[in-house]
Amino acid sequence: MKILVCISHVPDTTAKINFKDNNTAFDTDGVSFVINPYDEFGLTKALFLKEKHGGTVTVCHVGPASAEPTIRKALAIGADDAIRVDAEPTDGFFVASQLAAIVKENQYDVVICGQESIDYNGGQVPGMLAALLDLPFVNACVGLEVEGTNATLEREIDGGKEKLTASLPLVLGGKKGLVEESDLRIPNMRGIMMARSKKLEVKPATDAAKHTAVAQFEKPQPKAPVKMIAADNVEELVNLLHTEAKVI
Amino acid sequence: MATDQFQSPDYYLLDELLTEEHKLVREATRDWVKKEVSPIIEEYAQKATFPRHIVKGLAEVGAFGPYIPQEYGGAGLDQISYGLMMQEIERGDSGVRSTCSVQSSLVMYPIFAYGSEEQRKKYLPKLASGEMLGSFGLTEPDFGSNPSGMVTNFKDMGDHYLLNGAKLWISNSPYCDVAVVWAKNEEGRIHGLIVERGMEGFSTPETHNKWSLRASATGELVFDNVKVPKDNLLPNKSGLGAPLGCLDSARYGIAWGAIGAAMDCYDTALRYSKERIQFGKPIASFQLQQKKLAEMITEITKAQLLTWRLGVLKNEGRATTAQISMAKRNNVAMALDVAREARQMLGGMGITGEYPIMRHMMNLESVVTYEGTHDIHLLITGMDITGISAFK
């Protein structure tokens, strides 16, 4: 089975977020980056599938060379090879178009994306990718089993789960549940050494439209200080919730 | 125990001196420590029990012989990677780091550097995989700083050697499967022998009631007419320089490890001082507390620079014994000072197992003594710069 895992390179969840250039660009100064957590669940699932059924796991990233440490980490965890499309990933359709070109060229059986990236939370790429390839697509996927050319998938829906069947090849947008947090793999030293010699192919971007551009970023307002009200002063609490917080 | 919130200080942007691979090695080891060591270490230290189950995990992450070539089961990484791993593991606990130092630098290293090809193939892959745990016997009850006076000895009996004597203060000894033991032959020349558990007359009694390295097992190696096969002698180096070569490697790892312990104490005290309110404001706003924190980060930064440079020299094969002594001595003393100051900043909370500081401080009392005491390392520097030995 040939599996492609699409990975994003995102700020660590503890990073302090700031913007530069008149709030039009993310300030990466002093920020450490990680594999997008949704993608890491997908990568781990891909390794499980490979170990069960055989095959290969390729990781693909659309982005500049500064993301290569993240790609090397994916290789150290166990992916067999990697492709980086050398372009700024600023627009969902553009990224999906790049990934579609890679899938068309190499014919994967399963394409695993995270359901969204935790930086810009666009949530567009997996669905667009499936549409561009005219393949089955399951988003918010929390379960995947493959038997021959058939797949059984689970996805979260309001108040429960939906079980689906689909035939390969397919695209999914995964999340926690595909594997559990305790299943995530920490690269070991041999893996890190082996990653040195694994193939990381850099490809130029194919022509594709960028349908959106960032006009400006805005940070949420800082939280207002806490106002303490005596426990027996319910009237004042209700008054403030109504007139100041305006939540009732 | 509370969630491990550790964030490493990098005041002089020293990460820019590291390769991406170094950073990945450090991150992987840190993640492993947060997952496998931090949640359990306090309980094992309180119970004074060796968390034997983590030997397998240490092997899986690659903490045993990371710089040993891959063909013998190691990862073939460089010396800075090894140092960073020791830093992160000691950030968790000096006892766990001690287990790794012994396995890597005092057991795998001499077998790799002084052993025959057969010995390398027989032992190194099993030591790297954690299937075997090793210990190292140099120190004796009456010979600590003066190892050349050792009395442990072996006689050539024709088809085997007969080993007699005892070694003391041996990390891993109660659980070890093999021991690299240094003993004198009939001419008084020091040689290394690989002694295996199960050899008749070989026992490993545990040393109890330690107030330090409580999550690491320490004991003796006792040899009562032990028949050691001749194939178990390390053939490629003899004399005191052989065990001292192992100590260079281990001390180098300790120099990095001590920074890890200091970082954990600093990071804990910094976070606590911003949260702890006295006189209506965080204690971090008081000058005396800021003095402590500022001095801690200054000393940690100096130690980081010293040790990074030592790593570069070691990668180039140019690090001298005296340079390694300087870094071991400086960094362990620095870590001990940081631990003591940090402990004070936490007040009464600092003495409890809710925080790692007192455990680090007690551990470091061993680290400042073993692998060459604080004073002996000073005299090694003194001898190096004057050309005159003050301890012989």
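Residue indices begin from 1 for each chain and proceed along its sequence in written order. Chain labels run from A onward and ligand labels from 1 onward, assigned in the order the entries are written. Residues qualify for local features only when their pLDDT is at least 70, as the model is predicted, and side-chain atom pairs are given and counted only at 80 or more; totals for whole chains, interfaces and linings, by contrast, use all residues. Where side-chain values are given, they derive from all heavy atoms of the structure, hydrogens and water being excluded.

Asker: Sorry, what's going on with the overall build of chain B here?
Answerer: In terms of helices and strands, chain B carries 10 helices and nine strands. Values of the radius of gyration come from C-alpha atoms, whereas the globule rule sets the reference at 2.2 Å times the count of residues to the power 0.38. For chain B, the C-alpha radius of gyration of 21 Å lies close to 21 Å, the compact-globule estimate for 392 residues. Judged by the C-alpha coordinates and their principal axes, chain B covers about 80 × 45 × 40 Å. When a residue's accessible area, from a 1.4 Å probe over protein chains only, is under 20% of the maximum for its type it is buried; when over 50% it is exposed; and in between it is partly exposed. Going through the 392 residues of chain B one by one, you find that 57% of them count as buried. Pairs at least 24 apart in sequence give 75% of the contacts found in chain B among residues at least 6 apart. Summed over its atoms, the accessible surface of chain B is roughly 16300 Å², and 52% of this surface lies on carbon and sulfur atoms. Across chain B, 41 positive and 47 negative side-chain charges occur, with their mean positions spaced 3 Å apart. Helix and strand definitions here come from DSSP, where helices need a minimum of 4 consecutive H or I residues and strands a minimum of 2 consecutive E residues; each element is numbered from the N-terminal end. Here, residues are in contact when the closest pair of their heavy atoms is within 4.5 Å. Surface accessibility follows the Shrake-Rupley procedure with a 1.4 Å probe radius. Residue values consider only the protein chains on display as shielding. Counting rule applied: Lys, Arg positive; Asp, Glu negative; His and chain ends not counted. Working definition for charges: the position is that of NZ of Lys, CZ of Arg, CG of Asp or CD of Glu.

Asker: I keep staring at the overall build of chain A and nothing clicks. Help me out?
Answerer: What chain A contains, in helices and strands, is six helices and 13 strands. When the backbone C-alpha atoms are referred to their principal axes, chain A occupies close to 65 × 45 × 40 Å. The proportion of buried residues among the 248 residues of chain A is 40%. For chain A, the proportion of contacts with a sequence separation of at least 24, taken over those separated by at least 6, is 69%. Total accessible area on chain A is roughly 13300 Å²; 50% of this is exposed by carbon and sulfur atoms. Averaging the positions of the 26 positive and the 34 negative side-chain charges in chain A gives two centres separated by 6 Å.

Asker: I'm lost on the interface of chain A and chain B in this one. Help?
Answerer: Interfaces are frequently sized by the accessible area removed from exposure as the parts join. On the chain B side, the residues contacting the 15 residues of chain A number 21 residues. Regarding the contact of chain A and chain B, the summed buried area is about 1500 Å², with carbon and sulfur atoms giving 62% of it. Here, a salt bridge means any Lys or Arg side-chain nitrogen found within 4 Å of an Asp or Glu carboxyl oxygen. Applying the counting criterion to the chain A and chain B interface returns two salt bridges. Notably, a salt bridge pairs Arg196(A) with Glu21(B), separated by 2.7 Å at the nearest N-O pair. Under this definition, polar contacts are N or O atom pairs within 3.5 Å; protein pairs additionally need one hydrogen-donor-capable and one acceptor-capable atom, and for neighbouring residues in sequence, both atoms have to be side-chain atoms. For the pair chain A and chain B, the number of links is five residue pairs in polar contact (both at pLDDT 80 or more). Mapped by element, the contributors of at least two residues to the side of chain A that touches chain B are α2 (68–77) and α5 (189–197) of chain A. The term buried area denotes the loss of accessible surface (1.4 Å probe radius) that occurs when two parts are joined, taken as the sum for both partners.

Asker: Quick question: what am I supposed to make of the state of the cysteines here?
Answerer: By definition, a disulfide is the covalent link that joins the sulfur atoms of two cysteine residues. For this text, the term disulfide refers to a pair of cysteine sulfurs within 2.5 Å. Per the counting criterion, the structure on display carries zero disulfides over all chains. The closest cysteine sulfur to the non-disulfide-bonded Cys113(A) is located on Cys6(A), 3.9 Å from its own sulfur. Relative accessible area serves as the criterion here: at 4%, Cys113(A) is assigned to the buried category. The cysteine Cys246(B) is free of any disulfide, with Cys176(B) supplying the nearest cysteine sulfur at 16 Å.

Asker: What exactly am I supposed to notice about a nonpolar patch on the surface here?
Answerer: A contiguous nonpolar surface patch, about 370 Å² in accessible area, is contributed by Val234(A), Val238(A), Val247(A) and Ile248(A). Among the structural elements, Val238(A) can be located in helix α6 (residues 234–243). Exposure above 30% relative accessible area and the absence of a salt bridge qualify a residue for a patch, where like charges join within 9 Å and nonpolar side chains (Val, Leu, Ile, Met, Phe, Trp, Tyr) within 5 Å.

Asker: Teacher, can you tell me more about the confidence of the model for chain B here?
Answerer: Low-pLDDT stretches of the model should not have their predicted coordinates read in fine detail. Per residue, pLDDT captures the predictor's confidence, and it can take any value from 0 to 100. When pLDDT is averaged across chain B, the result is 97; 99% of the residues are at 70 or more. Interface confidence for the predicted complex, given as ipTM, is 0.89, next to a pTM of 0.92.

Asker: Quick question: what am I supposed to make of the packing of aromatic side chains here?
Answerer: Note on aromatic pairs: each is described by the distance of the centres and the angle between the planes. A pair of Phe, Tyr and Trp rings is counted when the ring centres sit within 6.5 Å of each other, with Trp represented by its six-membered ring. The angle between the planes then sorts it: under 30 degrees is stacked, over 60 is edge-to-face, the rest tilted. This structure, assessed with the given rule, holds 16 aromatic pairs over all chains. On the basis of an interplanar angle of 40 degrees and a centroid distance of 5.2 Å, the ring pair of Phe50(B) and Tyr175(B) is categorised as tilted. Within this pair, whereas Phe50(B) is found in the loop between α1 (20–47) and α2 (54–61), its partner Tyr175(B) is found in the loop between β3 (160–171) and β4 (178–184), the two being separated by 125 residues in sequence. In this structure Phe50(B) comes out as buried when scored by relative accessible area, which is 8%. Arranged with centres 6.0 Å apart and planes meeting at 85 degrees, the rings of Phe279(B) and Phe286(B) form a pair that is edge-to-face. Among the aromatic residues, those joined into a cluster by ring pairs are Phe19(A), Phe26(A), Tyr120(A) and Phe217(A). Sitting over a ring, as applied to charges here, requires NZ of Lys or CZ of Arg to be within 6 Å of the ring centre and within 35 degrees of the ring normal. When the ring centre of Tyr108(A) is taken as origin, the NZ or CZ atom of Lys2(A), which lies over that ring, is 5.2 Å away.

Asker: Explain the pairing of strand β12 (residues 170–174) of chain A to me, please; I cannot follow it from the model alone.
Answerer: Residues in a regular strand project their side chains so that they alternate between the two faces of the sheet. Residues and elements named next belong to chain A. Within β12, five of the five residues are buried, which leaves it mostly tucked inside the rest of the structure. With burial as the criterion, each face of β12 is covered, one bearing Leu170, Leu172 and Gly174 and the other bearing Val171 and Gly173. Should DSSP find at least two bridges between two strands, the strands are taken to pair. Pairing of strand β8 (residues 110–114) with β12 involves five bridges; the strand directions are parallel. Note on β12: the bridge partner recorded for Gly114 is Gly174.

Asker: What's the story with the nonpolar core in this structure? I'm lost.
Answerer: Here is a general trend for soluble globular proteins: nonpolar side chains tend to be buried in one another's company. Definition used in this section: a nonpolar core is a set of buried Ala, Val, Leu, Ile, Met, Phe, Trp, Tyr and Cys residues joined via side-chain atoms within 4.5 Å. Within the largest apolar cluster, 101 residues are counted, with the highest numbers of intra-cluster contacts made by Val59(A), Leu144(A), Leu153(A), Met189(A), Leu58(B), Ile111(B) and Trp182(B). Take this core: its biggest share by element is 10 residues, from α1(B). Residues in contact with Val59(A), not counting those within four places in the same chain, are Leu4(A), Val5(A), Ile7(A), Leu43(A), Ile71(A), Ala74(A), Ala79(A), Asp81(A), Ala82(A) and Ile83(A). Counting 33 residues, the second largest nonpolar core, distinct from the first, contains Ile259(B), Ala303(B), Met361(B) and Leu364(B).

Asker: Would you mind going over the packing of helix α3 (residues 92–106) of chain A against helix α4 (residues 125–133) of chain A with me for this structure?
Answerer: When two helices pack together, their arrangement is given by the angle between the helix axes and the distance between those axes. Residues and elements named next belong to chain A. Between N-to-C directions, angles span 0 to 180 degrees; the directions come from axes that are lines fitted to C-alpha atoms, helices contributing only their stretch in contact. At a closest axis distance of 8 Å, the pairing of α3 and α4 adopts a crossing angle of 50 degrees. By the angle between their axes, α3 is oblique relative to α4. Crossing of α3 against α4: the hand is right-handed. Across from Gly92, Phe93, Val95, Ala96, Ser97, Leu99, Ala100, Val103 and Lys104 in α3, the residues of α4 making contact are Val125, Met128, Leu129, Leu132 and Leu133. Residues belonging to the contact of α3 with α4 are distributed by class as follows: 11 nonpolar, two polar and one charged. Angle categories: roughly parallel below 35 degrees, roughly antiparallel above 145, roughly perpendicular from 65 to 115, and oblique for all the rest. Helix crossings are classified by the rotation of the near helix relative to the far one: an anticlockwise turn of less than a right angle makes the crossing left-handed, while a clockwise turn makes it right-handed. All amino acids are sorted into three groups, where Ala, Val, Leu, Ile, Met, Phe, Trp, Tyr, Cys and Pro are nonpolar, Asp, Glu, Lys and Arg are charged, and the leftover types, Gly among them, are polar.

Asker: What's the story with the sheet that holds β12(A) in this structure? I'm lost.
Answerer: Sheet strands associate in pairs through backbone hydrogen bonding, adopting either a parallel or an antiparallel arrangement. Residue and element names in this part refer to chain A. With mixed pairing, nine strands are arranged side by side in an open sheet as β11-β10-β9-β12-β8-β1-β6-β7-β13. Looking along the sheet, the strands with just one partner apiece sit at the ends: β11 (160–167) and β13 (200–204). In this sheet, neighbouring strand axes are inclined to one another by 30 degrees on average, regardless of whether the strands run parallel or antiparallel. In the sheet, strand β9 (residues 137–147) pairs with strand β10 (residues 150–157) via six bridges, with the strands oriented antiparallel. When the sheet's bridge partners are listed, Glu147 is paired in β10 with Asn150. Where α2 meets the sheet, its contacts fall on β6 (56–62), β7 (81–86) and β13, and the angle it forms with β7 comes to roughly 160 degrees. Against the sheet, α3 touches β1 (2–6), β6, β7, β8 and β13, its axis set at about 150 degrees to β6.

Asker: Which parts of the structure should I look at to understand helix α9 (residues 357–367) of chain B?
Answerer: Residues three or four positions apart in an α-helix share a direction because the helix packs 3.6 residues into each turn. Residue and element names in this part refer to chain B. In terms of burial, α9 is a largely internal element, eight of the 11 residues being buried. Among the residues of α9, Ile357, Arg359, His360, Met361, Asn363, Leu364, Ser366 and Val367 are the ones counted as buried. Of the surrounding elements, those touching the buried residues of α9 are α1, α3 (79–92), α4 (94–114), α6 (241–275) and α8 (321–345).

Asker: Honestly, the pairing of strand β5 (residues 190–196) of chain B in this entry has me stumped. Any pointers?
Answerer: Residues and elements named next belong to chain B. In terms of burial, β5 is largely enclosed, as six of its seven residues are buried. Sheet topology note: the β4/β5 ladder contains seven bridges and is antiparallel. Bridge pairing links Ala183 to His191 in β5. Here β4 hands over to β5 after five residues, with Gly188 in that stretch at a positive phi of 85 degrees.

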